[in-house]
Amino acid sequence: MAETHVLFVEDDDVIREATQLALERDGFAVTAMPDGLSGLEAFRADRPDIALLDVMVPGLDGVSLCRRIRDESTVPVIMLSARADSIDVVLGLEAGADDYVTKPFDGAVLVARIRAVLRRFGHASGGQQGGAEADSKPVGGVLVFGDLEVDTEGMEVRKGGVPVALTPTEMRLLLEFSSAPGTVLSRDKLLERVWDYGWGGDTRVVDVHVQRLRSKIGQDRIDTVRGFGYKLKP
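Per the secondary structure count, the chain includes eight helices and 11 strands. Taken across its 234 residues, the chain has 49% of its residues classed as buried. Across the chain, contacts joining residues at least 24 apart in sequence account for 60% of those joining residues at least 6 apart.

As structure tokens, then:
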């Protein structure tokens, strides 16, 4: 089986070299770059399986690099941030990142998060877990919610007959909602099911992805239930 190719963009020489060695010991093939512009060139040349981007890198910062990558690809992106409470975390997620890891990080934790994201992306193309409630209208593998159609077999979404481009993470999130329309799903439950977190995680990841999903399928399609979570309107 081919090695998983990781693009790692980090300007700190010590962190870059140590992390590259740790990832390679775990069986990953790593292309490590010191700045955003060289990272973008490497991404376009190598088309990696996943990108790890430090927020604060010279030339083209990590958030801008994430946005450029997302304009061209749905490849998974993990942002690396030195501060858990930094606005950069939210900016990175809004730019299209799928997850983030706070520095300093343990190598084993980083590897676990990488593998969780890769599993999630594999699942996104592997079909839906669970079934739809009776309130939706199944037509073959298609669930219909008003003008929204979710093809759970072809992994396609249409709104008013027009295809909607979703990242694999957004697709997994929509599949969770569409498998139980009208049912409130808590942020913790979504972290567990979509992000594969077996531990507590930052619920901002969920909130930002719900906002991104709303912007694509309709702002009024997903309701916020204060103090509990979110639900898809049947």
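With that out of the way, let us pick up the environment of D12. Its location among the elements puts D12 in the loop between β1 (5-9) and α1 (13-25). Separated by 42 residues in the primary sequence, D12 and D54 have C-alpha atoms spaced 9.6 Å apart. Here V14 takes part through its backbone nitrogen, which lies 3.0 Å from a polar atom of the side chain of D12.

Here we come to the packing of helix α6 (residues 168-179) against helix α7 (residues 187-194). Remark: α6 packs on α7, axes separated minimally by 10 Å, with the N-to-C direction vectors making an angle of 125°. The pairing of α6 with α7 is recorded here as oblique in orientation. By crossing handedness, the relation of α6 to α7 is classed as right-handed. Here T169, R172, L173, E176 and F177 of α6 lie close against α7, whose contacting residues are L190, R193 and V194. Each residue belonging to the contact of α6 with α7 can be placed in one class, and the counts come to four nonpolar, one polar and three charged.

Among the nonpolar cores identified, the biggest contains 51 residues, and L53, M79 and F177 are the most heavily contacted of them. For this core, the element with the most residues is helix α8 (residues 204-217), which contributes six residues. The contact partners of M79, leaving out residues within four places of it in the chain, are L53, V55, G62, V63, C66, G92, A97, D99, Y100 and V101. F8, F28, I78 and I114 belong to the second-largest nonpolar core, a separate cluster that totals 15 residues.

On to the pairing of strand β10 (residues 222-225). In this structure, β10 lies alongside strand β11 (residues 229-232), joined through four bridges in antiparallel fashion. When the bridges of β11 are listed, I222 appears paired with L232.

This brings us to the sheet that holds strand β4 (residues 77-81). Reading across the sheet, the five strands line up as β2-β1-β3-β4-β5 and stay open at both edges, with parallel pairing between neighbours. Strands with a single pairing partner mark the edges of an open sheet, and in this sheet they are β2 (29-33) and β5 (99-102). Direction aside, neighbouring strands of the sheet carry axes that sit 20° apart on average. Seen against the sheet, α1 touches β1, β2 and β3 (50-54) and runs at an angle of roughly 170° to β2.

Right, let's get into unusual backbone geometry. In this model, K103 is joined to P104 through a cis peptide bond whose omega is -5°. Mapped onto the fold, P104 is located in the loop between β5 and α5 (107-124). Here the phi dihedral of R47 falls at roughly 50°; this positive angle occurs in a residue that is not glycine. Counting through the fold element by element, R47 comes out in the loop between α2 (36-46) and β3.

Next up on the list: the side chain of D99. Relative to the assigned elements, D99 resides in strand β5. Judged by its relative accessible area of 1%, D99 falls in the buried class. A polar contact is formed between the side chain of D99 and the side chain of R113, at a distance of 3.2 Å. When residues no more than four places from it in sequence are discounted, the contact partners of D99 are V77, I78, M79, L93, R113, V117, W195, Y197 and V205.

Here we take up the sheet that holds strand β7 (residues 148-151). Paired through their backbone hydrogen bonds, the strands of a sheet run either parallel or antiparallel. Read from one edge of the open sheet, four strands run β6-β7-β8-β9, paired in antiparallel fashion. Edge strands, defined here as strands with exactly one partner in the open sheet, are β6 (142-145) and β9 (162-164). When strand polarity is set aside, the average angle formed by the axes of neighbouring strands in this sheet is 25°. Bridging between β6 and β7 involves four bridges; their strand directions are antiparallel.

Counted at 1.5 Å a residue, the expected span for α1 with its 13 residues is 18 Å, and the 18 Å between its end C-alpha atoms agrees. Its side-chain oxygen 3.0 Å from the backbone nitrogen of V14, D12 forms the N-cap of α1. A positive backbone phi angle near 95° is found at G27, which sits one or two residues after α1.

So, how was this worked out
Residues numbered from 1 in each chain as written. Predicted model: local features only at pLDDT ≥ 70, side-chain atom pairs only at ≥ 80, totals over all residues. Heavy atoms only, no water. Helix = DSSP H or I, 4+ residues; strand = E, 2+ residues; numbered from the N terminus. Buried < 20%, exposed > 50% of the residue type's maximum accessible area, 1.4 Å probe, protein only. Contact = heavy atoms within 4.5 Å. Polar contact = N/O pair within 3.5 Å; in protein donor to acceptor, adjacent residues only side chain to side chain. Axes fitted to C-alpha atoms, helices over the stretch in contact; angles between N-to-C directions. Parallel < 35°, antiparallel > 145°, perpendicular 65-115°, else oblique. Left-handed = near helix turned anticlockwise from the far one by under 90°. Nonpolar A, V, L, I, M, F, W, Y, C, P; charged D, E, K, R; others polar. Core = buried A, V, L, I, M, F, W, Y, C linked by side-chain atoms within 4.5 Å. Pairing = 2+ DSSP bridges. Expected span 1.5 Å × (residues − 1).

By themselves, these figures tell us nothing about what the structure is for.
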